[in-house]
Amino acid sequence: MNIKHLALATALIAVCCGPNRPKPFGPVPTPQQLAWHQKEMNMFVHFGPNTFSGLEWGQGTESNDLFAPDSLDCRQWAQVAKEAGFGGIIITAKHHDGFSLWDNPSSEHSVANSKWRDGNGDVLAELSAACEEAGIGFGVYLSPWDRNHPDYGTERYNDAYVKSLESVLTGYGPLFEVWFDGACGEGPDGRKQVYDWPLFLGKVKEHQGDVVTFSNIGPGCRWVGNEEGHANETNWNTFTPETHNADRSNLPGDYEHYLGSGDEGGAYWIPAEVDVSIRPGWFWRESENDKVKTARELIDIYYKSVGRGAVLLLNVPPTASGRIHPNDIAALKGFRAELDRIFSDNIATSFECKEQDGLPMVMITANPDKPFNRLVLQEDIALGQRVAEFAVDVPDGDGWMEIGCGTTIGNKRILLLPETKASKVRVRIIKTLAPPVIKNAGLYMD
Ligand code: FUL
């Protein structure tokens, strides 16, 4: 710890988790963002012509009839999601190929002009009803990039896109998240589209209020900067976007790394979302049935996303039949069983927040007979994000011995520790931007 941090922490001891609820500090989440943080994990569903062609990015020239799931079962998706512990499902209503899973008023390239269910099918209607029935949220991904639309690359396309957007924003009840993919490819003759973000975001606000809106840089949540399943160890929910069109020239250093860490003292609450697929690709293909991530790989992703204060968006793509493959279901069941096994037995019996040796502390009392190797900490983020650095000690003779350390906490921090038995564990808050407000502390064994 350097002198500056010690001084800062000393000046801020006053509170931790006492009865006097402190005032908010800095940017805070909206009620919708707070509910989103509490979901911790959502399921992404990539489904469309690519499911049938094996491509990751469809050309936009595929026949409408390529999309032909013979046993579409959105209730199965919702059930799988719910049982795995996902708070909602986000579906690719339209991916880059432009094919729309509902009757898109500004496109001919959709289920409505296909032989599937004689043109009367609507995947969004079916999935939103299934999510409602299962008691989980429903969200939509609507790719701005469109390789099919004839107007792509011209000003007219923005109006066409807005018409599609309004159709999904008004047709399927309240959404928990709207997902704007950052990909912006070329249209015919190399035409580049300049997306009208103020127009798009204005329509979201008009029809769905403060729904959490994902794009590379928010405003509801930001991309974490990779598709591998991890946030950075230091992960601030606060962030100051410079520009919406990913003009990276004036951003600090490595842009992707920067997205994964956010800004200490950033101007807005724009938390990171970790999007990653359970398979190598985003879309299902037969050849990847034996490449589904294992339960343990998913646990590792969980530690590096939810356990670093982010929200996890795990893609589980249905097969061409319209059902989720048994291998993906087995992996998710294993993942859920591992989470339950690890986090059902809290070795901490109580915790209190106090001052000791001039620092704010979380003092945890633990069952000395049981080993632990995971520490869970949670800030009360409704009051902002505060903690920037902490260290973890256990008693050692007359003193203490440090067994781990970390930086940010946020909604949830899971710190990996060496296997330890102790009657007490103390968390020293070494650097904090305001008096820390820790609402939960626990010890677990993995
Ligand atoms: C990317 C897309 O290009 C991928 O196909 C996928 O949809 C992923 C979630 O976002 O930008």
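The structure we're discussing is the one just above.
These notes cover the structure that comes with them. Keep in mind that this is a model prediction, so the values were computed, not measured.

Rules and cut-offs
- Residues numbered from 1 in each chain as written.
- Predicted model: local features only at pLDDT ≥ 70, side-chain atom pairs only at ≥ 80, totals over all residues.
- Heavy atoms only, no water.
- Helix = DSSP H or I, 4+ residues; strand = E, 2+ residues; numbered from the N terminus.
- Expected span 1.5 Å × (residues − 1).
- Buried < 20%, exposed > 50% of the residue type's maximum accessible area, 1.4 Å probe, protein only.
- Arc of directions from axis to C-beta.
- Contact = heavy atoms within 4.5 Å.
- Polar contact = N/O pair within 3.5 Å; in protein donor to acceptor, adjacent residues only side chain to side chain.
- Pairing = 2+ DSSP bridges.
- Near = heavy atom within 4 Å.
- Areas by Shrake-Rupley, 256 points an atom, 1.4 Å probe, with all protein chains shown as cover.
- 1 Å grid on protein atoms, 1.4 Å probe; cavity = no way out; pocket = protein on both sides within 12 Å on 5 of 7 lines; lining within 4 Å.
- Sits in = over half its atoms within 2 Å of the grid points.
- Nonpolar A, V, L, I, M, F, W, Y, C, P; charged D, E, K, R; others polar.
- Axes fitted to C-alpha atoms, helices over the stretch in contact; angles between N-to-C directions.
- Salt bridge = Lys/Arg side-chain N within 4 Å of Asp/Glu carboxyl O.
- Core = buried A, V, L, I, M, F, W, Y, C linked by side-chain atoms within 4.5 Å.
- Phe/Tyr/Trp six-rings, centres within 6.5 Å; stacked < 30°, edge-to-face > 60°.
- Lys NZ or Arg CZ within 6 Å of the ring centre and 35° of its normal.

On to helix α5 (residues 123–134), then. Between its first and last C-alpha atoms α5 spans 16 Å; for 12 residues at 1.5 Å apiece the expected length is 16 Å, and the two agree. Burial in α5 covers these residues: Val123, Leu124, Leu127, Ser128, Ala130, Cys131 and Ala134. Projected down its long axis, α5 shows its buried positions confined to an angular sector of 160°, all on one face. Turned more than 90 degrees away from the buried face of α5, the exposed residues are Glu132 and Glu133. Each element contacted by the buried residues of α5 is listed here: α4 (74–84), β2 (88–94), β3 (137–142) and α6 (155–171). Between the side-chain oxygen at the start of α5 and the backbone nitrogen of leucine 124 there is a gap of 2.9 Å, and the oxygen is on aspartate 122. Where α5 terminates, the next one or two residues include glycine 135, which has phi positive at roughly 75°.

Strand β13 (residues 372–379) sits mainly inside the fold: 8 of its 8 residues count as buried. Two elements, β13 and strand β16 (residues 413–420), share 5 bridges in a ladder whose sense is antiparallel. Looking at β16, one finds that leucine 375 is bridged to leucine 415. In this sheet, strand β18 (residues 438–444) lies alongside β13 in antiparallel orientation, the contact comprising 6 bridges. Residue pairing across strands places glutamine 378 opposite asparagine 440, the latter belonging to β18.

For the rest of this paragraph, the subject is the site of the ligand. Phe44, His46, Trp57, His95, His96, Tyr141, Trp179, Asp181, Glu227, Asp275 and Trp282 make up every residue found near the ligand. Here histidine 46 contributes a side-chain N or O atom positioned 2.7 Å from an oxygen atom of the ligand. Histidine 95 places a polar side-chain atom, nitrogen or oxygen, 2.9 Å from an oxygen atom of the ligand. Here the ligand has 290 Å² of accessible area as a free molecule, and 90% of this is covered by the chains. In a pocket analysis with a 2 Å cut-off to the grid points, the ligand is assigned to the largest pocket. For the shell around the ligand, the per-class residue count stands at 5 nonpolar, 3 polar and 3 charged.

For the rest of this paragraph, the subject is the sheet that holds strand β11 (residues 348–356). Taking strand neighbours across the sheet as the criterion, the 5 strands line up as β11-β12-β17-β14-β15 in an open arrangement whose pairing is antiparallel. With one partner strand each, in any of the chains shown, β11 and β15 (399–406) form the two edges of the open sheet. When strand polarity is set aside, the average angle formed by the axes of neighbouring strands in this sheet is 25°. One ladder, built from 8 bridges, connects β11 with strand β12 (residues 359–366); its direction is antiparallel.

Here the structure, examined in full by the defined rule, presents 29 salt bridges. One salt bridge connects arginine 156 with aspartate 151, and the closest N-O pair in it is separated by 3.2 Å. Classification of arginine 156 by relative accessible area gives exposed; the value is 51%. Looking at aspartate 151, the relative accessible area reads 18%, which means it is buried. Of the charged contacts in the structure, one is a salt bridge between lysine 304 and aspartate 300, with a shortest N-O distance of 3.2 Å. Note that lysine 304 and aspartate 300 are positioned in helix α9 (residues 295–304) at a spacing of 4 residues, about one turn of the helix. The exposure class of lysine 304 is partly exposed, given its relative accessible area of 31%. One salt-bridge network, in which partners are shared between bridges, spans Arg296, Glu338, Arg341, Arg374 and Asp446.

Let us now look at the side chain of glutamine 33. The topology assignment puts glutamine 33 in helix α2 (residues 31–39). One polar contact links the side chain of glutamine 33 to the main-chain carbonyl oxygen of tryptophan 269, over a distance of 2.9 Å. In this structure glutamine 33 touches Val28, Val212, Pro219, Gly220, Trp269 and Pro271, once residues within four positions along its chain are discounted.

A general feature of soluble globular proteins is that nonpolar side chains tend to end up buried together. Within the largest apolar cluster, 76 residues are counted, with the highest numbers of intra-cluster contacts made by Trp77, Ile89, Val123 and Leu332. Ignoring any residue separated from it by four or fewer positions in sequence, one finds isoleucine 89 in contact with Met43, Val45, Trp77, Ala78, Ala81, Leu127, Cys131, Ile136, Gly137, Phe138, Gly139 and Phe176. By size, the runner-up hydrophobic cluster in this structure holds 24 residues, among which are Cys353, Val394, Leu417 and Ile438.

Secondary-structure assignment places lysine 82 in helix α4. Counting along the chain gives 52 residues from lysine 82 to alanine 134, while the straight-line C-alpha distance between them is 7.0 Å. Apart from residues no more than four positions distant in its own chain, lysine 82 is found in contact with Ala134 and Ile136.

To continue, consider the packing of aromatic side chains. For the coordinates displayed, the defined rule picks out 25 aromatic pairs. Ring centres of phenylalanine 47 and phenylalanine 67 lie 5.3 Å apart, and the angle between their planes is 70°; this geometry places the pair in the edge-to-face category. In this pair, phenylalanine 47 is assigned in the loop between β1 (41–45) and α3 (49–53) and phenylalanine 67 in the loop between α3 and α4, connecting sequence segments 20 residues apart. Judged by relative accessible area, phenylalanine 47 falls into the buried class, the value being 2%. Here the aromatic rings of tryptophan 179 and phenylalanine 214 are separated by 3.8 Å at their centres, their planes lie at 5°, and the arrangement is stacked. Highlighted residues: tryptophan 179 in strand β4 (residues 177–179) and phenylalanine 214 in strand β5 (residues 212–215), separated in sequence by 35 residues. Pairwise contacts between aromatic rings join Tyr152, Tyr157, Tyr161, Phe180, Tyr195, Trp197 and Phe200 into one cluster. The positively charged end of lysine 39 is found above the aromatic ring belonging to phenylalanine 176, 5.2 Å away from the centroid.

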